[in-house]
Amino acid sequence: MDKKAFILRRSLAMLLMVVLSSAFFLILYHFDNKYTKDASQAINGTLYLSETDWTDMPIRYLRDGWRYYPDRLLTPETLKRQGDNYQYLSIGEESNLAAGDFRHSPHGSASYAITLYLPETEHTYAIELPEIYSAYRFYVNDKLKLQMGEPDSQSYRDQTQCRIITFEASGKATLLLAVSDHSWVYSGLVYPPAFGEPLHVNTTRGLRIGICLIVVTATLMMAVFSLYLALRTRRRNNIWLFALLCLTASVFLSYSIVHGILALPVQPWYTVELVSGYLMTLLVLLLHNRICDTERRLRFVSGIAAGSISTLALLYGAFASQLTLPVMLVFSHVIFAFKLLTALYLLGTAIMAVRRNMENAALLLYTDILYACAFAWDRLLPNYEPVLGGWFQEWGGLGLVLSVGMVLWKDVAMGYQHSLIYAEEQRQMKRQLAMQVEHLRQINQKVEESAKLRHDFRHHLRTLMALSGDGHREELENYIRGITVINEGTRIGRLTENIELDALVQYYSGLAQSRDIRFRSRLMLPAKLDFPMVDLCGLLGNLLENATEACQRQKNNEKTIFIAGRLQDGQLEFVVDNSFDGKLNIRGGKYVSSKRSGFGLGIPSVLETVERYGGVINLYADKKGFHAEVSLPIGVEQREPLPR
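Worth saying up front: this structure is predicted, and the values here are computed from it rather than measured.

Under the criterion given, the structure shown has 13 salt bridges. E573 serves as the salt-bridge partner of R566, at 2.9 Å between the closest nitrogen and oxygen. One continuous salt-bridge network, built from bridges that share partners, spans R137, E150 and D152.

Dropping the structure here:
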């Protein structure tokens, strides 16, 4: 292909990926976002809802118009005495109680209140309180409906959970949240609560947890299966890192399940959740570098940078209660720079790998584009909180995990297959050794019989002389005929001059005869072959074993096996033919084993040996039987073996 045309096609593909990724995130922003749901919001701390509003929008997210009382832990009684001493706040504008004031601590206490004017008919309502940091009391009118932890400063105890509260109300209803935080990097009410019909609120919550459960279960299954394959194949490479990546991703993505079911303290759970996200990035970078065969210096620098950020995140979470607002802002800027550089680094290394025509690098490049677009749109569209799915960068990170998994999966599958083939080759070698031992035993037996015949030969000569002298011609002829039969029995028959192949073919010849299979051979081969005999015997042993098993399954007609071989024009040529029942199990172009579930191992082992030595093989079946034709060059070095 013309180089310019190739570059143009690749550039168009990258541009298309940018468009598709951007379209995906824009769809999420408009249709799975608490901030873009078209529902009336509170104005100046008051939200009016008519029967029509309630019917048209049975669930809404209370994000705007909250009355905010900083540094006060209010109750319904003290709320009534506050007068106009408050400010209005939209949930999500600030992530801590400092509210952007560098002189103010990000920790402390605050209260949030909103007044609802509901339809006059009494109705049951539900409100879903997201994770609120880090201890709070929630009141509806004058009643305490929920308490998490202990917000009072004298006996403070942090605890948080995503909870749903139901209550009956009509007309005016006041919601009051009194919250304290001395534990975490976030403070107070950070995410908008959901308010509406109990059925709709519970359904939305259930769908969100269900989607999260599916994703986490899938990542855990990939981790477990990768660990199984790594242990089974004894591989010490990327499979272990990928298994660890899946485990880390399952921890990072499980927050909806964990915080929806369990009421947990901040430490150590939120620190584990925070660090797991940066460990994901570290592991993705390590695997990405290995797959793209990145320069060693770049591997070292990127690994150190990601490891340092993970360590910094651990310290940031562990000492969250002692952090000031300037420290939090510095950390935020560092993380922003790290994510930006990570996105650029992944794109750059993937592009270089594609230019070097590295296998599977294109798939990584496209998911790197997805990750970069996730980062870009996360900054361009800050007012986003998912209703059902995940955050932009969670989608981008999940895409990276899946793409790395898809790239490694081929290596994992091939490694597992080669381990099975290796085990099959080991079995063939043990069988070949047994054949050699049996062949040697037969030779020794014939040698002993020959020695005995030579020992008795003088007695035979005396008898012959006596019969000759007495003129007993008929008896003399019969005696000579008997000696000839004895001598023929001591001859060592060979099917080929090559000792190793002769032992192999003699074994299967005897095995075939014991099972009423007609065995024929025509092996015109010299005693010495310029080819590794272990591999050659393994190849022919697999073909003869398959032929014997095919004949055993045959119910009708004569059972036959024929093997021929010759050395011609620098090529070892073999033919193995056998009769069979006419049934071939082929799935996806591969032969399915008749002895066990799944694909057979004999044929893949044969194909691998032929490929390793640059040979040619032809497998086919017709009315006469199944045929295997193999041609192998002699006197050549084997190609680089496939990884095991």
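Formed by 62 residues in total, the largest nonpolar core has its most connected members in F25, W184, F242, L245, Y278 and F392. Elements with a contribution of two residues or more to this core: α1 (3-31), α5 (238-253), α7 (269-291), α8 (296-318), α9 (325-355), α10 (361-380) and α11 (392-470). Those residues in contact with F392 that lie beyond four places of it in its chain are F25, L28, Y29, A374, W377, D378, L381 and Y384. Within the second largest apolar cluster, 37 residues are counted, among which are V505, A512, L525 and V630.

Here we take up empty space enclosed by the protein. Scanning the model with the defined rule gives one cavity of 30 Å³ or more in all. When its volume is computed, the largest cavity comes out at roughly 60 Å³. Taken together, Y68, L89, E94, N96, A99, Y112, S187 and L189 make up the lining of the largest cavity. Tallied by class, residues from the lining of the largest cavity come to five nonpolar, two polar and one charged.

This part covers the confidence of the model for the chain. Mean pLDDT over the chain works out to 84, with 81% of the residues at or above the 70 mark. Low confidence marks residues 596-600, where pLDDT is under 50. Its contacts with residues over four positions away, or in another chain, come to 11 contacts. Counting contacts from residues 640-644, a segment whose pLDDT is below 50, to residues more than four positions away or on other chains yields 10 contacts.

Another point: the environment of H259. Along the chain, H259 turns up in helix α6 (residues 255-261). Its relative accessible area of 3% is what places H259 among the buried residues. For H259 and P130, which are 129 residues apart along the polypeptide, the C-alpha to C-alpha distance reads 8.8 Å. Each residue touching H259, except ones within four places of it in the same chain, is listed here: E131, Q161, C162, L264, Y270 and E273.

Moving on to the packing of α7 against α8. Here α7 crosses α8 at 175°, and the two axes come no closer than 8 Å. Classified by the angle between their axes, α7 and α8 sit roughly antiparallel to one another. Facing T271, L274, V275, Y278, L279, L282, L285, N289 and R290 of α7, the residues of α8 in contact are R299, S302, G303, A306, G307, I309, S310, A313, L314, Y316, G317 and A318.

Time to look at the sheet that holds strand β17 (residues 616-622). If you trace the five strands from one edge of the open sheet to the other, you get β12-β13-β14-β18-β17, paired in mixed fashion. Looking at which strands have only one partner, the edges of the open sheet turn out to be β12 (518-524) and β17. In this sheet, adjacent strand axes meet at a mean angle of 10° when their direction is disregarded. Here β17 pairs with strand β18 (residues 625-633) via seven bridges, running antiparallel. Looking across to β18, one finds that L619 is bridged to A628. Helix α14 (residues 533-553) rests against β12, β13 (560-568), β14 (571-578) and β18 of the sheet, and its axis sits at about 15° to β14.

With respect to the helices and strands, T160 occurs in the loop between β8 (143-148) and β9 (163-169). Within polar-contact distance, the side chain of T160 engages the backbone oxygen of I132 at 2.9 Å. For T160, the contacting residues outside a window of four places in its chain are E131, I132, S134, M148, L262, A263, L264 and Y270.

This brings us to unusual backbone geometry. Between Y133 and the following residue, S134, the backbone shows a cis peptide bond with an omega angle of 5°. Cis geometry is adopted by the peptide bond preceding P268, which originates at Q267 and carries an omega value of 5°. With respect to the helices and strands, P268 occurs in the loop between α6 and α7.

Mapped onto the elements of the fold, T204 is located in helix α4 (residues 198-233). When its relative accessible area of 14% is taken as the criterion, T204 is described as buried. A distance of 2.9 Å separates a polar atom in the side chain of T204 from the backbone oxygen of H200.

Quick notes on the rules
- Residues numbered from 1 in each chain as written.
- Predicted model: local features only at pLDDT ≥ 70, side-chain atom pairs only at ≥ 80, totals over all residues.
- Heavy atoms only, no water.
- Salt bridge = Lys/Arg side-chain N within 4 Å of Asp/Glu carboxyl O.
- Core = buried A, V, L, I, M, F, W, Y, C linked by side-chain atoms within 4.5 Å.
- Buried < 20%, exposed > 50% of the residue type's maximum accessible area, 1.4 Å probe, protein only.
- Helix = DSSP H or I, 4+ residues; strand = E, 2+ residues; numbered from the N terminus.
- Contact = heavy atoms within 4.5 Å.
- 1 Å grid on protein atoms, 1.4 Å probe; cavity = no way out; pocket = protein on both sides within 12 Å on 5 of 7 lines; lining within 4 Å.
- Points joined across faces, edges and corners; volume = space filled by probe spheres on them.
- Nonpolar A, V, L, I, M, F, W, Y, C, P; charged D, E, K, R; others polar.
- pLDDT = per-residue confidence, 0-100.
- Axes fitted to C-alpha atoms, helices over the stretch in contact; angles between N-to-C directions.
- Parallel < 35°, antiparallel > 145°, perpendicular 65-115°, else oblique.
- Pairing = 2+ DSSP bridges.
- Polar contact = N/O pair within 3.5 Å; in protein donor to acceptor, adjacent residues only side chain to side chain.

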